[in-house]
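Structure at a glance
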Amino acid sequence: MAKGENIFKRKDGRWEARYIKGRELSGKIKYGFCYGKTYTQAKEKVTLARAALLSGGPGPSAAGRHRFAFFCDQWLQAGRGRFKEATCVKYQTVLDRHIKPRLGSCYPLAFCDELVAGFTGELLAQALAPKTVKDILVVLRSILNYTAKQFPGTFPRVDIPYPREGKREMRVLTREEQGAFVGFLLADLDECRFGILLALLTGIRIGELCALRWENISLDDNTLKITATMQRLADSSPHRTAKTKILIGPPKSGTSARTIPLSDDAAALCRRMQPGSPEAYVLTGTAAYMEPRALQYRLSRYTASCGLEGVHFHTLRHTFATRCVEVGFEIKSLSEILGHASTTITLERYVHASMELKRDNMNKLTMVGL
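About the thresholds
Residues numbered from 1 in each chain as written. Predicted model: local features only at pLDDT ≥ 70, side-chain atom pairs only at ≥ 80, totals over all residues. Heavy atoms only, no water. Pairing = 2+ DSSP bridges. Helix = DSSP H or I, 4+ residues; strand = E, 2+ residues; numbered from the N terminus. Disulfide = S-S within 2.5 Å. Buried < 20%, exposed > 50% of the residue type's maximum accessible area, 1.4 Å probe, protein only. pLDDT = per-residue confidence, 0-100. Contact = heavy atoms within 4.5 Å. Axes fitted to C-alpha atoms, helices over the stretch in contact; angles between N-to-C directions. Parallel < 35°, antiparallel > 145°, perpendicular 65-115°, else oblique. Nonpolar A, V, L, I, M, F, W, Y, C, P; charged D, E, K, R; others polar.

Sheet analysis places strand E4 (residues 217-218) next to strand E5 (residues 223-226), joined by two bridges and oriented antiparallel. Residue pairing in the sheet places Ile 217 in a bridge with Leu 224 of E5. Between E4 and the antiparallel strand that follows it, E5, lie four residues; Asn 222 among them carries a positive phi value of about 55°. Relative to strand E8 (residues 258-261), E5 runs antiparallel, the two sharing four bridges. Each bridged residue has a counterpart across the sheet, and for Thr 223 the counterpart in E8 is Pro 261.

Moving on to the state of the cysteines. Within this structure, the stated rule accounts for zero disulfides. As a non-bridged cysteine, Cys 192 has Cys 210 as the owner of its nearest cysteine sulfur, 8.7 Å distant.

Let us now look at unusual backbone geometry. Working note: non-glycine residues mostly have negative phi, and peptide bonds are mostly trans. Here the phi dihedral of Ala 127 falls at roughly 65°; this positive angle occurs in a residue that is not glycine. Considering the arrangement of structural elements, one finds Ala 127 in the loop between helix H5 (113-125) and helix H6 (130-148). Take Ala 127: its relative accessible area is 67%, and that puts it in the exposed class. The residue Asn 222 is not glycine, and still its phi comes out positive at about 55°.

The next thing to look at is the confidence of the model for the protein. Confidence in the prediction of the protein, expressed as mean pLDDT, is 86, and 89% of residues score 70 or more. Taken together, the stretch residues 57-61 has pLDDT below 50 and engages in eight contacts with residues farther than four places along the chain or on a different chain.

Another point: the packing of helix H3 (residues 68-79) against H6. Close contact between H3 and H6 brings their axes to 9 Å; oriented N to C, the two are set at 95°. One element, H3, and the other, H6, form an angle in the roughly perpendicular class. Contacts between H3 and H6 involve Phe 68, Phe 71, Cys 72, Gln 74, Trp 75 and Ala 78 on the former and, on the latter, Val 139, Leu 140, Ser 142, Ile 143, Leu 144, Tyr 146 and Thr 147. Taken together, the residues that form the contact of H3 with H6 break down as ten nonpolar, three polar and no charged.

Put into structure tokens, the structure is as follows:
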């Protein structure tokens, strides 16, 4: 028989009072139980238990009713005024594919180190690259920081260790490979091959090249200005006609917007290929653009014809940086030409000393008496 608020008389004669103690990570209610010889004793005990639970400082009731998925959406919505469209699309993908399916049904106050460690382990078990897992965890950390503000003084402190990234050997064209590839492109030069040569001579990114118009190249002072980049992104608009769309927007970062001086060879090539309209895209010579995946396909065809393996568009950027270091390029200048935020990025990620350079440096050593 039930009497009062979840207070029952058991078969053994005692009274049992049940109250909501919390929730499991799945969202299932966790109950606490109090017992008494009489209904009044059971009610007194459960009243004290509820008071003790409240004095422990649970989060605000309005926020406490929401699962973590709610705060994920709120975090992204709050950041739309600060994030670029491409960044919003990237974050939405991370939320939909990884964070919300695994953690979205949890209640915020249930977060702990073990939960995040398990989530990290699941990501790594999916054979995701450590860099990809780290990017996902960076987003999670930002959402947790946002969520913690909704639970002042009560949100658990969660440690998020990032997986260690192994150093990857970047593909760089040797001098012989670069010479053969340049010869192949020059033998039948068109707008697309010219664009690839320009990237090899300036180190610009694939999206920057696809968005580059002739109005951004000045042959009066031999400079090239990076003012935009092109990306293919998922289209989340309600009236979309395709899953993805092309977006031409600001460069990757503030330092990516830059002016690059052209070498004499690069300037000569530009004068040879310059069309009549400054509005024309460099890769096509017309008002129609070529998107990044089409350019990557062209590059794959060209490198296969030259017998080159493992070459992606970023290989051209690595090769440019390596050649610059080999000829004694000043690192600060190189960093600015590549559009990096610091010289550390240039040295650690993009500069790869060739065996020829290592040998040249070793030969500078002299030993007395030998």
